[in-house]
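Descriptive analysis of the structure
One-letter residues, chain by chain:
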Amino acid sequence: MLEIRNLHARITGTETEIIRGLNLTVKAGEVAAIMGPNGSGKSTLSYILAGRSDYEVTDGDILYNGESILELEPSERAAKGIFLAFQYPVEIPGVATMQFLKVAMNEQRKARGEDELKTPEFIRLVKEAAGDLKIDPEMLKRPLNVGFSGGEKKRAEILQMKLLAPKLCVLDETDSGLDIDALKIVSDGVNALRSPDRAVIVITHYQRLLEYIVPDSVHVLYKGQVIKSGDKDLALELEADGYAQIIEAAA
Ligand SMILES: Nc1ncnc2c1ncn2[C@@H]1O[C@H](COP(=O)(O)OP(=O)(O)OP(=O)(O)O)[C@@H](O)[C@H]1O
Ligand SMILES: [Mg+2]
């Protein structure tokens, strides 16, 4: 589903290379965890997948269902089912969360050649999904993410993901800032999306999340490269021993 080949990328307009020859394959149906020290390039990779213009790819390719997405705009990538839940969700003053969700869902439907959702149907879907995530419907009247607590922002990201039902979901540290109950609720939300035709990439620092969302593969990112891949036991090793050994072995 996703194949990243020898990817090199730098900050647009500079010589600063952040992704330095990264290879990663994630199959449909797979949940892949990406771990790695602070500053190793995990968020940068997620931004590049989403198509943010702050970064430019200088070499390599990103194939999504066999086709390069490098030339696609962020909106085109979203229309193809690529979704990124941000490490730091963006506040959108002046746009009520409900309104944002409606536009996002209808854009996606349009891209698939489907009719716009009727308002009652839309409200039913949102209420159901918000209920599953224990999100107070009153919150959805507020501007998106503005004044939301850290955990509320993360839940709002998962709400968007549930409603858009993307094919490739990238979750950047969705667990950070969540209380214990919310961690469980959000994990259930992600697990409910697991399906043979969907892939999920979870970026996390903690094995704890991976007890709830059990990954099929674990990849360690360091200095813009995947330096080790393994199964869920690799996360346990990291938890016990830290990164030093793996970094040394890869050097
Ligand atoms: N626009 C930018 N200008 C300067 N440096 C940048 C920029 N974007 C990213 N970097 C640098 O690139 C490196 C990778 O950053 P990134 O946010 O991808 O790390 P990360 O693996 O997500 O870390 P964390 O675990 O702390 O979230 C960091 O050293 C960061 O300072
Ligand atoms: Mg990050």
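To keep things clear, this report deals only with the structure shown in the data block. (Residues numbered from 1 in each chain as written. Chains lettered and ligands numbered in written order. Predicted model: local features only at pLDDT ≥ 70, side-chain atom pairs only at ≥ 80, totals over all residues. Heavy atoms only, no water.)

A closer look at the layout of surface pockets
- The calculated volume of the largest pocket comes to roughly 800 Å³.
- In terms of lining residues, the largest pocket is bounded by 28 residues, among which Pro74, Ala78, Phe83, Phe86 and Phe100 are the most central.
- When residues of the lining of the largest pocket are traced back to their parent elements, those giving at least two are helix H2 (74–79), strand S6 (82–85), helix H3 (97–111) and helix H5 (150–164).
- The greatest single-element share of the lining of the largest pocket, amounting to 7 residues, is contributed by H3.
- Residues that form the lining of the largest pocket fall into these classes: 18 nonpolar, 6 polar and 4 charged.
- By volume, the second largest pocket is sized at about 250 Å³.
- In this structure, the second largest pocket is lined by 13 residues; those nearest its centre are Gly51, Arg52, Tyr55, Leu70 and Arg77.
- For the lining of the second largest pocket, the secondary-structure elements that each account for two or more residues are strand S4 (55–64) and H2. (1 Å grid on protein atoms, 1.4 Å probe; cavity = no way out; pocket = protein on both sides within 12 Å on 5 of 7 lines; lining within 4 Å. Points joined across faces, edges and corners; volume = space filled by probe spheres on them. Helix = DSSP H or I, 4+ residues; strand = E, 2+ residues; numbered from the N terminus. Nonpolar A, V, L, I, M, F, W, Y, C, P; charged D, E, K, R; others polar.)

Focus on the coordination of the magnesium ion (ligand 2)
- Those donors, Ser43 (OG) and Gln87 (OE1), are the protein atoms that reach the magnesium ion (ligand 2), and they lie 2.0 to 2.2 Å from it. In this pair, Ser43 sits in helix H1 (residues 42–50) while Gln87 sits in the loop between S6 and strand S7 (92–96), placing the two residues 44 residues apart along the sequence. Gln87 carries the same exposure label as Ser43, and that label is buried. (Donors = N, O, S within 2.8 Å, 3.2 Å for Na, K, Ca; no water. Buried < 20%, exposed > 50% of the residue type's maximum accessible area, 1.4 Å probe, protein only.)

Observations regarding the sheet that holds strand S9 (residues 168–172)
- Read from one edge to the other, the open sheet built from 6 strands follows the order S6-S9-S10-S3-S11-S12, with strand pairing classed as mixed. The sheet is open, and its two borders are formed by S6 and strand S12 (225–230), each paired with just one other strand. Averaged over all pairs of adjacent strands, the angle between their axes in this sheet comes to 20°, without regard to strand direction.
- Of the strand pairs in this sheet, strand S3 (residues 31–35) and strand S11 (residues 217–222) are connected by 4 bridges, and their pairing is parallel. Each residue of the ladder has a partner; that of Ile34, found in S11, is His219.
- Along the sheet, helix H8 (residues 232–241) makes contact with S3, S11 and S12, crossing S11 at roughly 45°. (Pairing = 2+ DSSP bridges. Axes fitted to C-alpha atoms, helices over the stretch in contact; angles between N-to-C directions. Contact = heavy atoms within 4.5 Å.)

Considering the pattern of salt bridges
- Inspection of every chain in the model, using the stated rule, returns 15 salt bridges.
- Between Glu3 and Arg5 there is a salt bridge, with its nearest N and O atoms 3.0 Å apart.
- Accessibility expressed as a relative area gives 30% for Glu3, which makes it partly exposed.
- Arg109 is the salt-bridge partner of Glu114, the closest N and O atoms lying 3.8 Å from each other.
- The exposure class assigned to Glu114 is partly exposed, which follows from its relative accessible area of 32%.
- Within this structure, Arg109, Arg112 and Glu114 form a network of salt bridges that share partners. (Salt bridge = Lys/Arg side-chain N within 4 Å of Asp/Glu carboxyl O.)

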